[in-house]
Amino acid sequence: MKILFVGESAIVHTVEYKGYDSFSATRYGEAFPVMGQMLRSLGHEVTHIPCHLVYREFPRTLEGLQAYDVILFSDVGSNTFLLLPDMLSTGKPVPNLLKLVCQFVDEGGGFAMIGGYMTFQGMDGKGKYKNSVLEKILPVELYYGDDRQETPEGTYLRCVPDSHPILAGIPAEMPYILGYNKLKAKSGAQVLIREEGDAILSAWQWGKGRVVAYAPDCAAHWAPKAMTEWEYYPRLWDNMVRYLGGQF
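In this text, all values refer to a predicted model and were calculated from it rather than measured experimentally.

Draft legend 1. Quick peek at the sheet that holds strand 1 (residues 2-7). Overall, mixed pairing links the 7 strands, which are arranged 4-1-5-6-13-12-11 in an open sheet. With partners counted over all chains shown, the strands left at the sheet margins are strand 4 (45-49) and strand 11 (190-195), one partner each. Pairwise comparison of adjacent strand axes, ignoring direction, gives a mean angle of 15 degrees for this sheet. As paired strands, strand 1 and strand 4 are joined by 5 bridges and run parallel to one another. Residue pairing in the sheet places Lys2 in a bridge with Glu45 of strand 4. Along the sheet, helix 9 (residues 233-244) contacts strand 1, strand 5 (70-74), strand 6 (110-114), strand 11, strand 12 (198-206) and strand 13 (209-214); its crossing angle with strand 13, the most-contacted strand, is approximately 150 degrees.

Draft legend 2. Representation of the pattern of salt bridges. Counted by the stated rule, this structure contains 9 salt bridges. One salt bridge connects Glu57 with Arg56, and the closest N-O pair in it is separated by 3.5 Å. By relative accessible area, which is 35% here, Glu57 ends up partly exposed. Taking the shortest distance from any N to any O, the salt bridge between Arg158 and Glu173 comes out at 1.9 Å. Residue Arg158 is located in strand 8 (residues 148-158), and its partner Glu173 is located in strand 9 (residues 173-181); the two are separated by 15 residues in the primary sequence.

Draft legend 3. Region of the structure containing the packing of helix 1 (residues 32-41) against helix 9. The N-to-C vectors of helix 1 and helix 9 enclose an angle of 75 degrees; their axes lie 10 Å apart at closest approach. By the angle between their axes, helix 1 is roughly perpendicular relative to helix 9. For the pair formed by helix 1 and helix 9, the contact residues are Met35, Met38 and Leu39 on the first element and Tyr233, Pro234, Trp237 and Val241 on the second. For the contact of helix 1 with helix 9, the residue count by class is 7 nonpolar, no polar and no charged.

Cut-offs and rules
Residues numbered from 1 in each chain as written. Predicted model: local features only at pLDDT ≥ 70, side-chain atom pairs only at ≥ 80, totals over all residues. Heavy atoms only, no water. Pairing = 2+ DSSP bridges. Helix = DSSP H or I, 4+ residues; strand = E, 2+ residues; numbered from the N terminus. Axes fitted to C-alpha atoms, helices over the stretch in contact; angles between N-to-C directions. Contact = heavy atoms within 4.5 Å. Salt bridge = Lys/Arg side-chain N within 4 Å of Asp/Glu carboxyl O. Buried < 20%, exposed > 50% of the residue type's maximum accessible area, 1.4 Å probe, protein only. Parallel < 35°, antiparallel > 145°, perpendicular 65-115°, else oblique. Nonpolar A, V, L, I, M, F, W, Y, C, P; charged D, E, K, R; others polar.

Structure below.
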């Protein structure tokens, strides 16, 4: 599969106070390598676009997106795709990148939104995907406001093995997660994993393509090492991208 992975990066600015004095520092970090290394080890070709480079590197045509089989969004908010610097500085129209993703799926592409503080609605609702064009193609309905479900005590997931291609070869007992985005399955969606009525993993067909909503994150902190180093974690994601890409 040719995969376009968008997100899982951050520029962090900190200020430290030491009595009367203070100083600041800025650093850049990525959680992407957890997924990138794993997916590449499975034989997939992965292109990563960090959050701060979406404006420059995300394709602005349907043809550009169709160079990929699957698109994954993880921890990157809708404003990053909609408030492009060249539009803001010139006032001239630019392509709606979220509409392009919808067209990509409608024409047969695969798309998944992965949970986090800036996907679905996220922290303080700043993901802002509620009522966006992208919400229409998701197999889940988003809630207004902050949709985070923090579970510091750990939430152990369960599935029905082999009940769906994504769960092929996955055991019933799964490791714990430390949180997820609260999502409600739409009518017609296949809910593969539930937690107290919340849709943790959902899938459906949209147009000629397929869409998955995965409510936990794919890396820390919601996905701790207990999950990311689980022996079946690569298989789960291999199944997911192959399903999205129409291989089964």
